[in-house]
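# Close look at the chain arrangement
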Amino acid sequence: MNDWPSERLILEAGRADRRYWGDLWRYRELFFILAWRDVALRYKQTVIGLAWAFVRPFMTMVVFTVIFGHIAKLPTEGTAPYAVLVLAGLLPWTLVSSIFSDGANSVLGNSQLVSKVYFPRLIIPLAPVIVGLIDFVVSLVILFGVMAWYGMAPGWHILLLPVFIALAVLVAIGPAMWAAATIVKYRDFRFVIPFVIQIGLYVSPVGFSAKIVPPGWQLLYSLNPMVGVIDGFRWAILGGESPLFLPGFALSLVVTAGMLWLGIRTFRHTERGFADVI
Amino acid sequence: MSDTVIRATGLGKKFLIGHNVEYSAMLGEAAVRRARNMVRRAADMLCGRALIEADEIEEYWALRDVDFEVRRGEVVSIIGHNGAGKTTLLKILSRILEPTTGRVELSGRVASLLEIGTGFHPELTGRENIFLNGAILGMRRHEVLAKFNQIVDFSGVEKFIDTPLKRYSVGMYARLAFSVAAHLETEILFVDEVLAVGDAEFQKRCLDRMSEVANAGRSVLFVSHNLAAAAALTRRGIVLKSGRLIFDGPIDGALAQYTASLEKGKIERSWGRGEHSAIVSADLLDANGLPTTTYVPGTPFNLQVEVETSTLPGLSLEFLLRDANSLPVGFYSSNTFSEVALPSMPGRYSCTLALKPLFLASGDYSFDLTTNSMTIVVDHKVTNAISFRVAASNPSTIAYDFKQSLGNGVIALQLATPLVIEPSRQGRAA
Ligand SMILES: Nc1ncnc2c1ncn2[C@@H]1O[C@H](COP(=O)(O)OP(=O)(O)O)[C@@H](O)[C@H]1O
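Nothing here was measured: the structure is a model prediction, and the numbers come from that model.

## Focus: the overall build of chain B
For chain B, the helix and strand inventory stands at 11 helices and 17 strands. Here chain B holds 430 residues, and the buried ones make up 49% of them. Contacts spanning at least 24 positions in sequence make up 70% of the contacts within chain B whose residues lie at least 6 apart. In the structure as shown, chain B presents an accessible area of about 20700 Å², 56% of it carried by carbon and sulfur atoms.

Put into structure tokens, the structure is as follows:
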């Protein structure tokens, strides 16, 4: 209780709150409890709960493998089975898209809280990160299961997977914060979110390898930060079979940083007015 | 150091009310408006006129030039009509809203209770909700843990602590919610209308708890429609009227000021306006035709509403009665129920109507008022335009209070003819 400020607090119009980031840290328990609430509700409310977390990625993997690998006959990377290639792209895609869509709707969805208590609002779009990560861990089990089925063992590259997971989270939260702030102001913007995700699925190398993009276009393609994330995942999971395209990866990092900056800035600028309009 | 824990100077809050918020919150609409404004602005600039920001958006000061100080250990009531700005003031003090003008200095840890059970989730159990709600109110996990048993004892719902909240009765819900809040230990506490729920016995416990808090040297700012509670708990009262502070002093004086303005009738409220109409004032009247905030069950409901209309024909005046949990109880529409529309001659009209007696359960109620166009587009909506309380509801001659919180609904069903119980024919035949 002692790290709570008991010193003076001054409220004034437009006053930049120097303590904001400190507050964010102080409210970490609220962050975890909101995340825990979302996790608990997800697994309590869906009857098949945990089973669903397995079935969905598995079915998607089967469909993508059949369509892209067997019907369209797209090449895999090195000697990796197509199913593993798909799964290595599907996992980060699901992580990013679920954080983005839950985060984008989170502030409006928690309007009850926003209009009745104070806390650093940034907590709200960040809480879905935890939910996304938990679902992600569940689907990792499928990945390792499928790899074992094909008799594959991950190499040392897998040790760097956490770095790419962190990158995936960063890719998602920038746009999520931006969209969350925008949706509070323009409600109908929320109908755009599923559409953005659908387009994202097609323009990201989820069901196919980014290597099939002609070399001249690789750099341009990497403007989509999901390309960097998915390439990173494939590199970590398939090891040497899928070398990283470094200039493209660097570009993805820059784009991610830019989106993150824009997301935080937009959110911080509009946050103080949330309760006026919610 | 001085003993002042809250100092507000020149506090003001401006809201922008778009005509028909539902529509102006739409992206497409906003884009059109922005484009239109840009054209107009360019035209204004060309003609050398002063720039006017977006029209169709009205500025509305919910709070204006409010100054006051609160010392350590003081308990202060904030009194005022609906829409006077009480909630807005508490929201600014609790950092939910940003003030438009002025400043507030607070010293000490702050907790605010603008509603009890904020964040409660029906799917989670009582235990889980205690932790969730505690964290939302700003308690640390170890504080909640340390007080967990006290909280459960105080609420009296031990047996159901691991039951999902959706199986709780309204009364149990309120008790659990208040118990969490009652164990907040901050130097400053803001409380808004939370005593409106729960049964009489529980309200008494809440009041006791509040006076304990006050005696422990903490400062409390307290909004209530329950004037008796305000008088019992506080020695100082602040009266707000249309966003301005009109009285700050001993509670007796504050109550006198408030009741005087009630009896004067005609209070101008600032409820904004719709595109074609505005609900200006609305009152529940007692048998003598004076505005009141209590309703005696089984008596006619006399309502008086002032509206301003424009030339749009076919506007309907509609009433939605809600209980203390905001659940709809009853509805009336002048167009569809009585085939009467508001006049399409621009002007201000006073509508008087008497609804047939209702035998309402005791507790709090409110009416939402709307004007609706023929195409069922809400033109002007005022939520909680009239709030009132049924102090006691006794459908029989024995001492019995039929309360909202019993969970038996809000209407005591009345017999049209005396109850007849006699042996049935079949019974006799057998
Ligand atoms: N977010 C908002 N946007 C626009 N107007 C608001 C908003 N919140 C409150 N108001 C207006 O401010 C006025 C004061 O409201 P409030 O503080 O809730 O009054 P009270 O608590 O005294 O009944 C009301 O007329 C209300 O319509």
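## With respect to the overall build of chain A
Helices and strands together make up the secondary structure of chain A, namely 12 helices and one strand. When the elements of chain A are put in sequence order from the N terminus, they spell out β-α-α-α-α-α-α-α-α-α-α-α-α. For 278 residues, the compact-globule estimate of 2.2 N^0.38 gives 19 Å, and the C-alpha radius of gyration of chain A, at 20 Å, lies within 12% of that figure. For chain A, the C-alpha atoms occupy an extent of roughly 65 × 45 × 40 Å along the three principal directions. Within chain A, buried positions represent 52% of all 278 residues. In chain A, the share of contacts with a sequence separation of at least 24, taken over all contacts with a separation of at least 6, comes to 79%. Taken together, the 21 basic and 15 acidic charged side chains of chain A have centroids lying 4 Å from each other.

## Description of unusual backbone geometry
All names here are of chain B. The backbone of arginine 95 shows a phi angle near 70 degrees, a positive value even though the residue is not glycine. Within the secondary structure, arginine 95 is located in the loop between α3 (86-93) and β4 (101-107). The phi dihedral of asparagine 384 falls on the positive side, at around 50 degrees, and the residue is not glycine. Among the structural elements, asparagine 384 can be located in strand β17 (residues 378-390). By relative accessible area, asparagine 384 is classed as partly exposed at 39%.

## Thoughts on the interface of chain A and chain B
Counting from both sides, the interface comprises 43 residues of chain A and, opposite them, 50 residues of chain B. Linking chain A with chain B are five salt bridges. As a salt-bridge pair, glutamate 98 of chain B and arginine 272 of chain A come within 3.5 Å of each other at their nearest N and O atoms. Counting the contacts that link chain A with chain B gives nine residue pairs in polar contact (both at pLDDT 80 or more). Among the elements of the structure, β1 (8-12), α2 (28-45), α5 (111-114) and α12 (274-277) of chain A are those that each provide at least two residues to the side of chain A that touches chain B. For the side of chain A that touches chain B, the leading source of residues is α2 of chain A, giving 11 residues. Looking at the side of chain A that touches chain B residue by residue, the class counts come to 20 nonpolar, five polar and 18 charged. Both β1 of chain A and β4 of chain B contribute to a ladder of five bridges, which runs antiparallel. Following the sheet pairing, leucine 11 of chain A is matched in β4 of chain B by valine 104 of chain B.

## A closer look at the UniProt feature "transmembrane region" (unreviewed entry) in chain A
Per the UniProt record, "transmembrane region" (unreviewed entry) is annotated on residues 47-68, 80-101, 122-150, 156-179, 191-213 and 244-264 of chain A. Along residues 156-179 of chain A, the helical share is 79% and the strand share 0%, with 37 Å between the first and last C-alpha atoms.

## A word on the site of the ligand
Close to the ligand lie 13 residues, the nearest being Asp276 of chain A together with Gly83, Lys86, Thr87 and Thr88 of chain B. Bordering the ligand are residues originating from chains A and B. For the ligand, an oxygen atom lies 3.5 Å from a polar atom in the backbone of histidine 81 of chain B. A distance of 3.2 Å is found between an oxygen atom of the ligand and a backbone nitrogen or oxygen belonging to alanine 84 of chain B. Across the complex, the protein chains shield 73% of the 560 Å² of accessible surface that the ligand would expose by itself. Breaking the shell around the ligand down by element, the ones donating at least two residues are β2 (57-71) and α3 of chain B. A total of three residues in the shell around the ligand trace back to one element, the largest contributor, which is α3 of chain B. For the shell around the ligand, the residue count by class is four nonpolar, seven polar and two charged.

## A look at the environment of tyrosine 202 of chain A
Along the polypeptide, tyrosine 202 of chain A turns up in helix α8 (residues 192-203). According to the relative accessible area criterion, tyrosine 202 of chain A is exposed, its value standing at 58%.

Quick notes on the rules
Residues numbered from 1 in each chain as written. Chains lettered and ligands numbered in written order. Predicted model: local features only at pLDDT ≥ 70, side-chain atom pairs only at ≥ 80, totals over all residues. Heavy atoms only, no water. Helix = DSSP H or I, 4+ residues; strand = E, 2+ residues; numbered from the N terminus. Buried < 20%, exposed > 50% of the residue type's maximum accessible area, 1.4 Å probe, protein only. Contact = heavy atoms within 4.5 Å. Areas by Shrake-Rupley, 256 points an atom, 1.4 Å probe, with all protein chains shown as cover. Rg over C-alpha atoms; globule rule 2.2 N^0.38 Å. Lys, Arg positive; Asp, Glu negative; His and termini not counted. Charge placed at Lys NZ, Arg CZ, Asp CG, Glu CD. Salt bridge = Lys/Arg side-chain N within 4 Å of Asp/Glu carboxyl O. Polar contact = N/O pair within 3.5 Å; in protein donor to acceptor, adjacent residues only side chain to side chain. Nonpolar A, V, L, I, M, F, W, Y, C, P; charged D, E, K, R; others polar. Pairing = 2+ DSSP bridges. UniProt positions renumbered as here; feature names shortened; annotations may be inferred. Near = heavy atom within 4 Å.

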